[in-house]
Amino acid sequence: MGDLFEQDSLHESAQEKLQENFKTRHAELSKLIHYHDKRYNQDDAPEISDGEYDVLRQELISLENKYPELITKDSPTQTVGAKPSKGFGKIKHAVPMLSLGNVFNEEELNNFLDRISRFLGVNEAIEIVAEPKIDGLSCSLRYVNGKLVHAATRGDGYEGENITANVLVIDDIPKTLKGGFPELLEVRGEVYMSRHDFITLNEKQVKESKPAFANPRNAAAGSLRQLDASITAQRPLKMFAYALGEVTSPIAQTQWGIRNKLVSYGFSEASPAALCKNLKDVLKYYNEINQARPDLDYEIDGVVYKVNNLDYQERLGFVSRAPRWATAHKFPAEEAITVINDIDIQVGRTGVLTPVARLEPITVGGVVVSNATLHNEDEIKRKDARIGDHVTIQRAGDVIPQVVKVLMNKRKDNSAPFMFPKTCPVCDSSVVREEGEVAWRCTGGLICEAQAVERLKHFVSRLAFDIDGLGAKIIQQFWDDGLLKTPVDIFTLEKRDKNSLTPVRAREGWGDLSAKNLFQSINDKRKIELNRFIYALGIRQIGEATAKRLSSIYGDLRTLQKLMIEAQDKESTAYEDLINVEDIGPATADDLIAFFVDEGNQDILRALVEELKIIPYEAPENQDNAVVGKIVVFTGTLSKITRAEAKAKAESLGAKVTSSVSKKTSYLIAGEDAGSKLKKAKELGIDILTEDEWINLIV
């Protein structure tokens, strides 16, 4: 036994010595690569060839893969000029980077301004900042004591990709702020590529036998999201700053003041911009910049309007994924004429049959378009679109191209109307069109392969489980080969693979490392937030925003399931509470209930719960107040704030606002002329607050 212990001791000693040698070599490689990064990226005077540099970097990556404990925040794989071994890390936004709503004409713009005035209870015109809407990639920069510490993409609005290394090599972005600044400052803006630089870059791409970029936005996005920051350093990227995220102290009292302050810190701003006093000023700016658009050296796809008064912005707050105090006014879509070569019917994850026009490829707005949506049977009939027709198509921004009109004077004599199918083109099940709907739906459900495979693609999509390496193409391949049929199969894949005669690693294009990485990516997502889980289920009419709202109200999956089953009774409190949830009307409620009472879905949910840890909803840390999780009802006339503002404020603090009083109601806020709700609250012993008492409670 003594010999064995002695051998173990000698073995441990040899291992320690070997690891120390690896640690020394890691330090040598890190120092050497940092030196060559500086010569290449900063000095523009490389001393070794790309091949020699790659050999050094690959040795470092191999060391870190074998000994992850060697990785430090200063390692070349984590900093500028090197390629991380596993894509981008994630950064959670302290303040969400939400998207904007859109208006497309004067009437919609006027409605936007009217809604703001009604919400605030203000009669006079509200000052608006108008500025160009840059067609680039959104980016958030975090500065601590004036020093840039990290940068992130928008991502899903709540979590983005860590692109710090790439941003550090963009000369147009200040690494140190000028002048007086808060201790912590997050600056949001748009990274873009000028038209001139885009043309020059594409000329270089073609000269080097590389593919040209479709447009400046794609070029900017592709350049900023390079895993190797040295490639980003070679691309002529710039940034316009336009907004703030988290900040420890105010830097201005108005949006216009923020613009001026950001310029003083060293940022560039999109121009021309305007401070508009009324609707007339806003439209004047829109028309002028639309006319000047061809002469600008950067791509814009519209105008952004923001309420100038920051106090008003705070009062207005947010709805769903967009601020109430801002919107984008899009320019008219770009159009082109082409020919419909064929019309296909696609079946989506909810069974909807969507006609798609297969077009003679045509360039629209710098992008080659070969497909366009025809929406539904009614649209085909209304436009009388047929195979062989010459049609006008339009594309606005990233919106799917659509057929605008048919050029009847070019129609062939032997043309025949398109007949919409009466059975599913995938599973041959009958199709139905429910009363009040325009869409035909396949009745095949899960026996329809198109629906099942599309549900799987949705399940792993970015806003759902977001599983790296399991994109739409791989899902389709695994489906075709019988590896995946239900969401549960994703999480049992590794276990089944161990006993398979044809393991994933043996598939064409795969190997030991790629299979290992896939299984690791799947295992990394066995813990998921409830809202993402609800969205991943692909329930009809339940989008990302509604999934977040349901998770905040019901708290955990078991409670949601239980109450949806109870809500089958439309006289129940469960049903009444459900239809009082914002954005959930009777039709959406029916779809939600139908999903959770279905026995097949219940089986899948039980199996998923065994494989996953679903994190219950928790109120954000900054929501430490008296109304988090409380159920609130407003009644009567409020005098100090509007009803809309009161409801929005309550929800922003984590309260649930309902329209009816029940025994679950926490507070009834009674304004003037309160009626039956006040009487019922008294009968049930509900806490009743005046408007002033409510305001004091939430301040």
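Residues numbered from 1 in each chain as written. Predicted model: local features only at pLDDT ≥ 70, side-chain atom pairs only at ≥ 80, totals over all residues. Heavy atoms only, no water.

Asks: Report on the pattern of salt bridges, specifying residues and quantitative values.
Replies: Following the criterion strictly, the structure yields 33 salt bridges and no others. Between Lys210 and Glu208 there is a salt bridge, and its shortest N-O distance comes to 3.2 Å. With relative accessibility at 37%, the residue Glu208 sits in the partly exposed group. Among the salt bridges present, the one from Arg259 reaches Glu269, with a minimum N-O distance of 3.0 Å. Here Arg259, found in helix α8 (residues 255-265), pairs with Glu269, found in the loop between α8 and β9 (274-276); they are 10 residues apart in sequence, far enough to count as distant. The class of Glu269 is partly exposed, set by a relative accessible area of 25%. Each of Glu131, Arg259, Glu269 and Lys306 takes part in a single network of salt bridges with overlapping partners. (Salt bridge = Lys/Arg side-chain N within 4 Å of Asp/Glu carboxyl O. Buried < 20%, exposed > 50% of the residue type's maximum accessible area, 1.4 Å probe, protein only. Helix = DSSP H or I, 4+ residues; strand = E, 2+ residues; numbered from the N terminus.)

Asks: Can you tell me about unusual backbone geometry, naming the residues and giving the values?
Replies: Residue Pro272 is bonded to the preceding Ser271 through a cis peptide linkage, with omega at 5°. Residue position: Pro272 is located in the loop between α8 and β9. Positive phi is not limited to glycine here, since His375 has a value of about 70°. Examined against the element boundaries, His375 turns out to sit in the loop between β16 (367-373) and α11 (377-383).

Asks: Describe in detail the nonpolar core, supporting the description with residues and values.
Replies: One recurring pattern in soluble globular proteins is that nonpolar side chains are buried together. By size, the foremost hydrophobic cluster in this structure holds 57 residues, and its most contacted members are Phe478, Ile490, Phe533 and Leu578. For Phe478, the contacting residues outside a window of four places in its chain are Leu470, Leu483, Leu484, Leu493, Val504, Arg507, Trp510 and Leu518. Judged by nonpolar contacts, the second largest core, of 34 residues, contains Leu113, Ile126, Ile128 and Ala270. (Core = buried A, V, L, I, M, F, W, Y, C linked by side-chain atoms within 4.5 Å. Contact = heavy atoms within 4.5 Å.)

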